[in-house]
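Examination of the molecular architecture
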Amino acid sequence: ENNRVWSEARELSNLQVSMIECLRHYFVSYKVLPGGESSVSLSEPNDHAHVMSVGIAAIEDYRKKYEKKILSMGCSLNVRRD
């Protein structure tokens, strides 16, 4: 909340192009050893609504698969939808 770069960023259009390129570079080069090649490829970015729907669907899939185990451990998977 108190970060001047991220606090108001809800869509990629809220960020400078250079920031988006830095993020793309990070995800493509993360854990690549010097001289190595990345196995990651990135498509064009999606908007907030699409990303949230994919994330929520993934959590629901996880919940369906592991619900009994999660509950037996006394945990829950509450999803914020904002």
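Turning our eyes to something else, we now look at the overall build of the chain. When you go through the chain residue by residue, the secondary structure sums to 2 helices and 0 strands. For the chain, the C-alpha radius of gyration of 17 Å lies well beyond 12 Å, the compact-globule estimate for 82 residues. Viewed in the frame of its principal axes, the chain has a C-alpha envelope of about 45 × 35 × 25 Å. Taking all 82 residues of the chain together, the buried fraction comes to 6%. Taking all contacts inside the chain whose residues are at least 6 apart in sequence as the whole, residues at least 24 apart take part in 27%. In the chain, 11 side chains carry a positive charge and 11 a negative one; their mean positions are 10 Å apart.

For the rest of this paragraph, the subject is helix α1 (residues 17-29). Across its 13 residues, α1 extends 18 Å between first and last C-alpha, which sits within 8% of the 18 Å expected from 1.5 Å per residue. The first or second residue beyond α1 is Lys31, which carries a positive phi of 65 degrees.

Another point: the layout of surface pockets. If you add up the space inside the largest pocket, you get close to 460 Å³. Taken together, 19 residues make up the lining of the largest pocket; nearest its centre are Leu12, Leu23, Pro45, Asn46 and Val51. Those elements giving two or more residues to the lining of the largest pocket turn out to be α1 and α2 (48-72). Broken down by element, the lining of the largest pocket gets its largest block of residues, 4 residues, from α1. Within the lining of the largest pocket, the residues separate by chemical class into 11 nonpolar, 3 polar and 5 charged.

The subject of this paragraph is α2. Between its terminal C-alpha atoms α2 stretches 33 Å, which fits the 36 Å expected from 25 residues at 1.5 Å a residue. Along α2, the sharpest kink reaches roughly 75 degrees, centred on Tyr66. Where α2 ends, the next residue or the one after it, Gly74, has phi of about 80 degrees, a positive value.

Rules behind the numbers
Residues numbered from 1 in each chain as written. Predicted model: local features only at pLDDT ≥ 70, side-chain atom pairs only at ≥ 80, totals over all residues. Heavy atoms only, no water. Helix = DSSP H or I, 4+ residues; strand = E, 2+ residues; numbered from the N terminus. Rg over C-alpha atoms; globule rule 2.2 N^0.38 Å. Buried < 20%, exposed > 50% of the residue type's maximum accessible area, 1.4 Å probe, protein only. Contact = heavy atoms within 4.5 Å. Lys, Arg positive; Asp, Glu negative; His and termini not counted. Charge placed at Lys NZ, Arg CZ, Asp CG, Glu CD. Expected span 1.5 Å × (residues − 1). 1 Å grid on protein atoms, 1.4 Å probe; cavity = no way out; pocket = protein on both sides within 12 Å on 5 of 7 lines; lining within 4 Å. Points joined across faces, edges and corners; volume = space filled by probe spheres on them. Nonpolar A, V, L, I, M, F, W, Y, C, P; charged D, E, K, R; others polar. Bend = angle between axes of the 7 residues up to and from the residue.

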